[in-house]
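Secondary and tertiary structure notes
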Amino acid sequence: MNIQTSISLIALLLAIGGNITWLFFTYGNSEKRKLAAERDFNHLRNNQQNISDGIAHGFDEIEDKLDALARDLLEIKVWFMRNFKERD
């Protein structure tokens, strides 16, 4: 084996090694991006769930207040009916 063949073989091995290293780094970076995107998506999903829970809680409070108003109006209606019947 002469020196030129050895140099060519070493250059080929270095090129293959460089390409394999590049593939490992590229794969690692793509996995990092994939995990980051999944984490961001989970944050967005959790935020959306929190917003939905907050809206549902707000509607529950509104419903409770409307029920209280309905009871108050019923009491007022009964009071008016009683007072108008007593006058007749």
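The structure this text deals with has already been given above.
We now turn to the structure provided with this report. (Residues numbered from 1 in each chain as written. Predicted model: local features only at pLDDT ≥ 70, side-chain atom pairs only at ≥ 80, totals over all residues. Heavy atoms only, no water.)

Turning next to the overall build of the protein chain. Looking only at helices and strands, the protein chain has 1 helix and 0 strands in total. Considering only C-alpha atoms, the protein chain reaches an extent of 130 × 10 × 5 Å along its principal axes. Burial analysis of the protein chain (88 residues in total) assigns 0% to the buried set. Carbon and sulfur atoms make up 65% of the accessible area of the protein chain, which amounts to about 8,400 Å² in all. (Helix = DSSP H or I, 4+ residues; strand = E, 2+ residues; numbered from the N terminus. Buried < 20%, exposed > 50% of the residue type's maximum accessible area, 1.4 Å probe, protein only. Areas by Shrake-Rupley, 256 points an atom, 1.4 Å probe, with all protein chains shown as cover.)

The next point concerns the packing of aromatic side chains. Evaluated as defined, the whole model comprises 2 aromatic pairs. Geometrically, the ring pair formed by Trp-79 and Phe-80 is edge-to-face, given 5.3 Å between the ring centres and 65° between the ring planes. Look at Phe-80 and you get partly exposed, because its relative accessible area is 40%. An angle of 15° between the planes, with centres 5.9 Å apart, marks the rings of Phe-80 and Phe-84 as stacked. Separated by 4 residues within a single helix, Phe-80 and Phe-84 lie in helix H1 (residues 3-87), roughly one turn from each other. Each residue in the set Trp-79, Phe-80 and Phe-84 is aromatic and connected to the rest through ring pairs, giving one cluster. (Phe/Tyr/Trp six-rings, centres within 6.5 Å; stacked < 30°, edge-to-face > 60°.)

Below, the discussion takes up a negative patch on the surface. Negative charge collects at one region of the surface, where Asp-60, Glu-61, Glu-63, Asp-64 and Asp-67 lie side by side. Turning to its location among the elements, Asp-60 is positioned in helix H1. In this structure Asp-60 comes out as partly exposed when scored by relative accessible area, which is 43%. (Patch = residues over 30% accessible without salt bridge, like charges linked within 9 Å, V, L, I, M, F, W, Y side chains within 5 Å. Salt bridge = Lys/Arg side-chain N within 4 Å of Asp/Glu carboxyl O. Lys, Arg positive; Asp, Glu negative; His and termini not counted. Charge placed at Lys NZ, Arg CZ, Asp CG, Glu CD.)

We now examine a nonpolar patch on the surface. A surface patch of nonpolar side chains, amounting to about 590 Å² of accessible area, comprises Leu-9, Leu-12, Leu-13, Ile-16, Ile-20 and Phe-24. Checked against the element boundaries, Ile-16 lands in helix H1. We classify Ile-16 as partly exposed; its relative accessible area is 40%.

The next thing to look at is the environment of Asn-2. Tracing the chain through its elements places Asn-2 in the segment before H1. Judged by relative accessible area, Asn-2 falls into the partly exposed class, the value being 43%. For the pair Asn-2 and His-57, spaced 55 residues apart in sequence, the C-alpha separation works out to 82 Å. For Asn-2, the side chain forms a polar contact with the side chain of Thr-5, separated by 2.6 Å. (Polar contact = N/O pair within 3.5 Å; in protein donor to acceptor, adjacent residues only side chain to side chain.)

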